[in-house]
Amino acid sequence: MKKEIIISGFGGQGVLSMGKILAYSGLMEDKEVTWMPAYGPEQRGGTANVTVIVSDERVSSPILSKYDIAIVLNQPSLNKFEPKIKPGGILIYDGNGIINPPTRKDIEVYRINAMDKAVEMKNTKIFNMIVLGGLLGVCPIVSDAGLEKALYKTLPERHHGLIPLNMEAVAEGKKIMEKQ
């Protein structure tokens, strides 16, 4: 199993931390991983993206031009990365940030209303974990146990009390994915 993933959106949406948590989850399960963030100088509000590769075998290069999975959280990201998904790949988008929905017919397209769910759960900071849950619902790259271990590894100790809420957000994300 090898999955090449791009996660993209505005800075401040948790794009980079979502990628970092996914990469650490792979490490917790003894998988080979790469994590390569990219963002402009305006980190908050500017466009940010992260490439994550999770594989059972060695990863030869972290540089990709095509992806198995794209998670896009705003319109500029959809415009840029929809054409770069391999045929048969997966596109996940948050319904809140997209004006013109995806048009490709040769990929699986999923909509997740993660921001709406985060507001419903009264904590918009878990938005990215809801999206990550949606990804793991359609493509279980890592287990919930590996994800929970990764949260303990990546979050500062003072935030460990929030891990149950983050895991609840992941579970909710798995429930609200809508295939388009």
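Quick summary incoming for the structure in this document. Quick caveat: nothing in here was measured; it's all calculated off a predicted structure. (Residues numbered from 1 in each chain as written. Predicted model: local features only at pLDDT ≥ 70, side-chain atom pairs only at ≥ 80, totals over all residues. Heavy atoms only, no water.)

## Remarks on the nonpolar core
Counting 40 residues, the largest nonpolar core has Leu22, Ile130, Leu132, Leu135 and Ile141 as the members making the most contacts within it. Here this core takes 7 residues from helix H4 (residues 127–138), the largest share from any one element. Within the second largest apolar cluster, 14 residues are counted, among which are Ile6, Val72, Phe81 and Val109. (Core = buried A, V, L, I, M, F, W, Y, C linked by side-chain atoms within 4.5 Å. Buried < 20%, exposed > 50% of the residue type's maximum accessible area, 1.4 Å probe, protein only. Helix = DSSP H or I, 4+ residues; strand = E, 2+ residues; numbered from the N terminus.)

## A few points about the environment of Ala150
With respect to the helices and strands, the residue Ala150 is situated in helix H5 (residues 144–154). Look at Ala150 and you get buried, because its relative accessible area is 0%. Ala150 sits 128 residues away from Leu22 along the chain, and the two C-alpha atoms are 7.8 Å apart. Setting aside its immediate chain neighbours within four residues, Ala150 contacts Ile21, Tyr24, Ser25 and Met28. (Contact = heavy atoms within 4.5 Å.)

## Some thoughts on helix H6 (residues 163–175)
A rise of 1.5 Å per residue sets the reference length of H6, with its 13 residues, at 18 Å; its end C-alpha atoms lie 19 Å apart and thus fit the reference within 8%. Buried-residue contacts for H6 involve strand S6 (108–112), helix H3 (114–120), H4 and H5. (Expected span 1.5 Å × (residues − 1).)

## Let's talk about unusual backbone geometry
For Asp30, which is not glycine, the phi torsion reads 60° and is therefore positive. Considering the arrangement of structural elements, one finds Asp30 in the loop between helix H1 (15–28) and strand S2 (32–39). With a phi close to 65°, Lys122 is a non-glycine residue in the positive phi region. Here Lys122 is to be found in the loop between H3 and H4.

## Observations regarding the sheet that holds strand S1 (residues 2–10)
Taken in spatial order, the 7 strands of this open sheet run S2-S3-S1-S4-S5-S6-S7, and their pairing is mixed. The sheet is open, and its two edges are formed by S2 and strand S7 (178–179), each paired on a single side. Note that S2 and strand S3 (residues 47–55) share 8 bridges and pair antiparallel. Residue Met36 lies in a different strand from S3, and its bridge partner there is Thr51. (Pairing = 2+ DSSP bridges.)

## Observations concerning the pairing of S1
The side chains of a regular strand alternate between both faces of the sheet. Pairing of S1 with S3, which is carried by 9 bridges, proceeds in the antiparallel orientation. Along S3, the bridge assignment pairs Gly9 with Ala48. Here 4 bridges tie S1 to strand S4 (residues 67–72), and the two strands are oriented parallel to one another. Looking across to S4, one finds that Ile7 is bridged to Ile71.

## Looking at the pattern of salt bridges
Counted under the stated rule, the structure contains 10 salt bridges. Among the salt bridges present, the one from Glu4 reaches Lys2, with a minimum N-O distance of 3.4 Å. Residue classification places Glu4 among the buried positions, given a relative accessible area of 8%. Owing to a relative accessible area of 38%, Lys2 belongs among the partly exposed residues under this scheme. The partner of Asp68 in a salt bridge is Lys86, with the nearest N and O atoms 3.2 Å apart. (Salt bridge = Lys/Arg side-chain N within 4 Å of Asp/Glu carboxyl O.)

## What about the environment of Met167?
Mapped onto the secondary structure, Met167 falls in helix H6. Under the relative-accessibility criterion, Met167 is labelled buried at 16%. Sequence separation between Met167 and Met129 is 38 residues, and the spatial gap between their C-alpha atoms is 7.8 Å.

Keep in mind that these numbers describe shape and distance, not what the molecule does.
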